[in-house]
Amino acid sequence: MSLGHTILGLLESQPRHGYDLKRAYDERFGRTRSLHYGQVYSTLSRLLKNGLVDVEGVEAGDGPDRKRYTITEAGVTDVTEWLGRAESPEPYLQNTLYTKVVLAVLTGRRPQDVLDVQRAEHLRQMRELTRRKSDGDLIDQLVCDHALFHLEADLRWLELTAARLDELTRQVRS
């Protein structure tokens, strides 16, 4: 996900201060990993430099002056184009888990142990996500469903790999 585009999208509804943007982001997208203020302000600085946002006004406060940012027409165009582009699906052709399985085979360790440990962790995370989903609102449900579907696909890969370990071992060791 592009943080710059997300901030532009949040600014499209109304001008906001950096603090307000962080809060809006965390409420909508950062439930499991909140945004750091430094990320907000460095992104706003880049967007300002690129002409995608403007400073609408500056307010004095107890601390540093608070800048109120607004999206420019170029910013609206940019976020519109981004929303209209398809995201490239990530095929995960060379992931860490595959590497661990092959290295276990190469080093004489039991690749089944690697798969068993990973399966247990996937199932633990799935239980946690299922609990969160049942207690959550629609946003939590959708986020958890997305993660659960990916974990289910990973579990299918773990099972398929376990069924092919003998063949994999022969090919890797030859």
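Residues numbered from 1 in each chain as written. Predicted model: local features only at pLDDT ≥ 70, side-chain atom pairs only at ≥ 80, totals over all residues. Heavy atoms only, no water.

(A) The confidence of the model for the protein chain, seen in detail. Residues at a pLDDT of 70 or more form 96% of the protein chain, whose mean pLDDT is 90. Within the protein chain, no element has a lower average pLDDT than helix H5 (residues 96–106), which sits at 86, and none a higher one than helix H3 (residues 37–49), at 95. (pLDDT = per-residue confidence, 0-100. Helix = DSSP H or I, 4+ residues; strand = E, 2+ residues; numbered from the N terminus.)

(B) Representation of the nonpolar core within the structure. Judged by nonpolar contacts, the single largest core of 18 residues is most densely connected at Ile7, Leu8, Leu11, Leu21, Leu44, Leu47 and Val53. If you list the elements that add at least two residues to this core, you get helix H1 (3–13), helix H2 (18–28), H3, strand S3 (66–71) and helix H4 (73–84). When near neighbours in sequence (up to four residues on either side) are disregarded, isoleucine 7 contacts Leu21, Val40, Thr43, Leu44 and Leu47. One finds Leu115, Met126, Leu129 and Leu148 within the second-largest nonpolar core, a separate group that totals twelve residues. (Core = buried A, V, L, I, M, F, W, Y, C linked by side-chain atoms within 4.5 Å. Buried < 20%, exposed > 50% of the residue type's maximum accessible area, 1.4 Å probe, protein only. Contact = heavy atoms within 4.5 Å.)

(C) Focus on the pattern of salt bridges. Per the stated rule, a full pass over the model turns up ten salt bridges. The partner of glutamate 56 in a salt bridge is arginine 68, with the nearest N and O atoms 3.4 Å apart. Placement of the pair is glutamate 56 in strand S2 (residues 53–59) and arginine 68 in strand S3, with a sequence separation of twelve residues. The partly exposed category is assigned to arginine 68, whose relative accessible area is 25%. Glutamate 128 is the partner of arginine 124 in a salt bridge, and the nearest nitrogen-oxygen pair spans 3.0 Å. Linking arginine 124 with glutamate 128, this pair stays in helix H6 (residues 111–135), spanning four residues, or about one helical turn. Connected through salt bridges with shared partners, the residues Asp116, Arg119 and Glu159 form a single ionic network. (Salt bridge = Lys/Arg side-chain N within 4 Å of Asp/Glu carboxyl O.)

(D) The arrangement of the environment of leucine 151 in detail. Position of leucine 151 among the secondary structure elements: in helix H7 (residues 138–163). In the structure, leucine 151 is positioned eleven residues away from aspartate 140 in sequence and 16 Å away in space, judged by C-alpha atoms. Sequence-distant contacts of leucine 151, defined by excluding residues within four places in its chain, comprise His122, Gln125, Met126 and Leu129.

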